[in-house]
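Reading the structure
For reference, the chains in residue letters:
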Amino acid sequence: MSYQEEESTSNITVICRFRPLNNKEKEISHLSCVSFPGPTSVIVSSQDQTPLTFSFDKVFSPNSKQEEIYEYSAKHIIESVMQGFNGTIFAYGQTSSGKTYTMTGDQADPVNMGITPRMITTVFDIIDNASENVEFTVKVSFCEIYMEKISDLLDTSKENLKIRENKNKGVYIADLSETYVTGDFDVHELLRIGSLNRQVGESNMNAKSSRSHSLFSLTITQTNVETFSAKIGKLYLVDLAGSEKVSKTGAVGKRLEEAKTINKSLTTLGQVITCLTDGKSTHIPYRDSKLTRVLQDSLGGNSKTTLIVTCSPSPYNESETIAL
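Remember, it's a predicted structure, so these values are computed and weren't measured experimentally.

Considering the packing of aromatic side chains
This model, assessed by the stated rule, comprises three aromatic pairs. Pairing F18 with F36 gives two aromatic rings, centres 5.5 Å apart and planes at 70 degrees, and the pair type is edge-to-face. Of the two residues, F18 sits in strand β1 (residues 12-18) while F36 sits in strand β2 (residues 34-38), which places them 18 residues apart along the sequence. Judged by its relative accessible area of 1%, F18 is buried. With 6.1 Å between their ring centres and 70 degrees between their planes, F60 and Y72 make a pair best called edge-to-face. Remark: Y72 occurs in helix α2 (residues 66-73) and F60 occurs in strand β5 (residues 58-60); sequence separation between them is twelve residues. Between K58 and the ring centre of F60, over which it is positioned, the NZ or CZ distance is 5.8 Å.

And the structure:
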């Protein structure tokens, strides 16, 4: 998924975040293959070819803080959802590039907590400060897409769920459990339970590599008790499975099939995002993967989307960084 010299539309924001070198990369080299000439661009140097410049709506260097990422990439989306719109935030990148840290981080640490716990806090802060004439209901669901099959992460007996569509609900996952919550503690607990149920497999890149796409959603309904008007907004927080080169991960057998399925669905996501941002496409391939089909109503139209591309600054991963 390349965004070299490409501008996004006002409803889709594409940012790039580089993490610091990890210990494995430092064993190979302490050098970095990236430089940052400005707040919206990054130069990736290579021994084999001319340095390449990539432009995004915003680029964050390895010393960026979790709060900075949230303020730029996510806060405006949750504010939009609270106005009755749909919103989606993705973390996209190779295995071990910082996706889960960016999305979740350390939920107990105010400095290192990621986008999801910060958004949960923002939602209930807005609710607590809203007019007494407005009543809120908040529902949570949590699922994963593994090998193109959808499973409920909050009720593990529900597997291979089907995608449906009707005029009232739009595109939805049939029989996916929805849990009503009354505060941020409830949401954090459901997030913890679902995360423990997620498909994880070991690869050469990461001992605990998520092999599924996880979709954590909040549906927020607000009703004015005086006018009886209602707004419904849906927020998807998506932690994508790692994109990766099969040769590097040592994938064989089941792991190889996982990698092929992951890479195919990520390619489809890239095509959908590109079609939405170029303003020229008459056909958007939502139906080409379960991921984009489920998110169809939260990607197009008036919905707000942020794609966070997470990258390694190491020369060891330079080819993956360019390929993203």
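Some details on helix α8 (residues 254-278)
In this model α8 runs 36 Å from its N-terminal to its C-terminal C-alpha over 25 residues, within 8% of the 36 Å that 1.5 Å per residue would give. A positive backbone phi angle near 70 degrees is found at G279, which sits one or two residues after α8.

Overview of the confidence of the model for the protein
Low pLDDT marks stretches whose predicted atomic positions should not be read closely. In this model, the protein carries an average pLDDT of 87, and 90% of its residues clear a pLDDT of 70 or more. The model gives residues 1-9 a pLDDT under 50, and that stretch makes 29 contacts with residues more than four places away or in other chains. pLDDT under 50 marks residues 201-209. Its contacts with residues more than four places away, or in other chains, come to 27 contacts.

Quick notes on α2
When we look at burial in α2, the residues that qualify are Q66, I69, Y70 and S73. Take α2 and look down its axis: the buried residues cluster within an arc of 95 degrees, on one side only.

Digging into the pattern of salt bridges
By the definition in use, this model includes eight salt bridges. Notably, a salt bridge pairs E165 with R293, separated by 2.8 Å at the nearest N-O pair. Of this pair, E165 sits in strand β9 (residues 163-166) while R293 is found in helix α9 (residues 290-294), placing the two residues 128 residues apart along the sequence. Here E165 falls in the partly exposed class, since its relative accessible area comes to 46%.

Let's talk about the nonpolar core
Core analysis: the biggest nonpolar cluster contains 39 residues, and F56, F90, L215, V238, L240, L291 and L295 have the highest contact counts within it. Mapped by element, the contributors of at least two residues to this core are β1, β3 (41-44), β6 (87-93), β7 (134-146), β15 (230-239), α8, α9 and β16 (304-311). Top element by residues in this core is α8. It accounts for six residues. Core analysis: the next-biggest nonpolar cluster, separate from the first, contains 32 residues, I78, V187, L190 and L218 among them.

Definitions and limits used
- Residues numbered from 1 in each chain as written.
- Predicted model: local features only at pLDDT ≥ 70, side-chain atom pairs only at ≥ 80, totals over all residues.
- Heavy atoms only, no water.
- Phe/Tyr/Trp six-rings, centres within 6.5 Å; stacked < 30°, edge-to-face > 60°.
- Helix = DSSP H or I, 4+ residues; strand = E, 2+ residues; numbered from the N terminus.
- Buried < 20%, exposed > 50% of the residue type's maximum accessible area, 1.4 Å probe, protein only.
- Lys NZ or Arg CZ within 6 Å of the ring centre and 35° of its normal.
- Expected span 1.5 Å × (residues − 1).
- pLDDT = per-residue confidence, 0-100.
- Contact = heavy atoms within 4.5 Å.
- Arc of directions from axis to C-beta.
- Salt bridge = Lys/Arg side-chain N within 4 Å of Asp/Glu carboxyl O.
- Core = buried A, V, L, I, M, F, W, Y, C linked by side-chain atoms within 4.5 Å.

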